[in-house]
Amino acid sequence: DGGITQSPKYLFRKEGQNVTLSCEQNLNHDAMYWYRQDPGQGLRLIYYSQIVNDFQKGDIAEGYSVSREKKESFPLTVTSAQKNPTAFYLCASSRAGVYEQYFGPGTRLTVT
Amino acid sequence: EDQVTQSPEALRLQEGESSSLNCSYTVSGLRGLFWYRQDPGKGPEFLFTLYSAGEEKEKERLKATLTKKESFLHITAPKPEDSATYLCAVQAVAGSNDYKLSFGAGTTVTVRA
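Bear in mind the structure is a predicted one, so any value in this text is a computation, not a measurement.

A.B. asks: Honestly, the overall build of chain B in this entry has me stumped. Any pointers?
C.D. replies: Across its full length, chain B carries 0 helices and 11 strands. Walking chain B from its N terminus toward its C terminus, one meets helices and strands in the order β-β-β-β-β-β-β-β-β-β-β. For 113 residues, the compact-globule formula gives about 13 Å, and the C-alpha radius of gyration of chain B, at 14 Å, lands near that figure. In chain B, buried positions account for 46% of the 113 residues. The long-range fraction of contacts in chain B, counting pairs at least 24 apart against all pairs at least 6 apart in sequence, stands at 56%. Taken as a whole, chain B presents about 5400 Å² of accessible surface, with 46% of it coming from carbon and sulfur.

As structure tokens, this is what we get:
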């Protein structure tokens, strides 16, 4: 089945530790995105990539980093510089152009 | 800056009681407007794309419409399984190759049997 996978589903970390969230897609989509969702707020864009080896900052990129070495993969690292990292993180992908984005199941990150 | 506002924040319906959700937007130029459904703890599920004013799309009990300033998601004779948060997003003409979406905060619909 084609789709987007995110792992793990739940992730717990101590403050001061970096953590990497995985996102893989087998839809052959060119573009991939990372969003953060907090209660009562809309999805906020962290980073996006429209082609391999290239990515752009979204609206809330501070404290996060990404890489896009393969078309299928777009991992997100939450660094210790992110002040409020506890959130629900969603990865999405789409064809290039005015097309809908398809979302993965999400990773809930809790930092204590 | 692109803005997307959804109303109401929450909607409680009796099974069979039709209603509408609103998504108003302010963008420099609209490329597309997207509706998603999100169940608790899960990723959003794509429902519809609307491209121009006057366009309508339907799927089962859901119908989405678009004007120059807003979109409506009509739920006809809802069932308890229609309970979810409905998200609206717009894709604006921010740059020739920029296809990112701006999302509203969502409307949480609860349908009671």
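A.B. asks: What exactly am I supposed to notice about the overall build of chain A here?
C.D. replies: Along the backbone of chain A there are 0 helices and 11 strands. N-terminal to C-terminal, the α/β element order of chain A is β-β-β-β-β-β-β-β-β-β-β. In terms of overall size, chain A behaves like a compact globule, its C-alpha atoms giving a radius of gyration of 13 Å where 112 residues would be expected to give roughly 13 Å. Taken along the three principal axes of its C-alpha coordinates, chain A extends 35 × 25 × 25 Å. Of the accessible surface of chain A, which amounts to about 5600 Å², a share of 46% is contributed by carbon and sulfur atoms. Across chain A, the 12 positively charged side chains and the 11 negatively charged ones have centroids separated by 6 Å.

A.B. asks: How do you make sense of the layout of surface pockets when you look at a structure like this?
C.D. replies: Take a probe with the size of a water molecule and roll it over the atoms, and the empty space left behind shows itself. Looking at the largest pocket, its volume works out to about 510 Å³. Lining the largest pocket are 25 residues; nearest its centre among them are Gln37, Asp38, Pro39, Gly40 and Gln41 of chain A. Counting only elements with at least two residues in the lining of the largest pocket, the list comes to strand E9 (87-94) and strand E11 (107-111) of chain A together with strand E1 (3-7) and strand E9 (84-92) of chain B. It is E9 of chain B that contributes the most residues to the lining of the largest pocket, 3 residues altogether. Within the lining of the largest pocket, the residues separate by chemical class into 8 nonpolar, 12 polar and 5 charged.

A.B. asks: Would you take a moment to explain the interface of chain A and chain B for this structure?
C.D. replies: Interface size is commonly expressed as the accessible area that is lost once the parts come together. Taken together, the 24 residues of chain A in the interface contact 22 residues of chain B. Of the roughly 1700 Å² buried where chain A meets chain B, counting both sides, 56% is carbon and sulfur surface. Per-residue buried area on chain A facing chain B is highest for Val98, Glu100 and Phe103 of chain A; these three make up 28% of the total on that side. Where chain A packs against chain B, one counts 0 salt bridges. Remark: the boundary between chain A and chain B carries 2 residue pairs in polar contact (both at pLDDT 80 or more). Elements that contribute at least two residues to the side of chain A that touches chain B include exactly strand E4 (31-37), strand E5 (44-51), E9 and strand E10 (102-103) of chain A.

A.B. asks: For this particular structure, what's the right way to read the side chain of serine 94 of chain A?
C.D. replies: One can find serine 94 of chain A in strand E9. If sequence neighbours within four positions are ignored, serine 94 of chain A has contacts with His29, Asp30, Ala31, Tyr33, Tyr99, Glu100 and Gln101 of chain A.

A.B. asks: Would you mind showing me how to read the pattern of salt bridges here?
C.D. replies: When the charged atoms of two side chains lie near each other, side chains of opposite charge can form a pair. Throughout the structure, instances matching the rule amount to 7 salt bridges over all chains. The shortest N-O distance in the salt bridge between arginine 36 of chain A and aspartate 38 of chain A comes to 2.8 Å. The class for arginine 36 of chain A is buried, based on a relative accessible area of 6%. Judged by its relative accessible area of 12%, aspartate 38 of chain A falls in the buried class. Salt-bridge contacts for glutamate 55 of chain B lead to lysine 57 of chain B; the nearest nitrogen and oxygen are separated by 3.6 Å. Salt bridges linked by common partners bring Arg36, Asp38 and Arg44 of chain A together as one network.

Thresholds, definitions, all that
Residues numbered from 1 in each chain as written. Chains lettered and ligands numbered in written order. Predicted model: local features only at pLDDT ≥ 70, side-chain atom pairs only at ≥ 80, totals over all residues. Heavy atoms only, no water. Helix = DSSP H or I, 4+ residues; strand = E, 2+ residues; numbered from the N terminus. Rg over C-alpha atoms; globule rule 2.2 N^0.38 Å. Buried < 20%, exposed > 50% of the residue type's maximum accessible area, 1.4 Å probe, protein only. Contact = heavy atoms within 4.5 Å. Areas by Shrake-Rupley, 256 points an atom, 1.4 Å probe, with all protein chains shown as cover. Lys, Arg positive; Asp, Glu negative; His and termini not counted. Charge placed at Lys NZ, Arg CZ, Asp CG, Glu CD. 1 Å grid on protein atoms, 1.4 Å probe; cavity = no way out; pocket = protein on both sides within 12 Å on 5 of 7 lines; lining within 4 Å. Points joined across faces, edges and corners; volume = space filled by probe spheres on them. Nonpolar A, V, L, I, M, F, W, Y, C, P; charged D, E, K, R; others polar. Buried area = accessible area lost by both parts, 1.4 Å probe. Salt bridge = Lys/Arg side-chain N within 4 Å of Asp/Glu carboxyl O. Polar contact = N/O pair within 3.5 Å; in protein donor to acceptor, adjacent residues only side chain to side chain.

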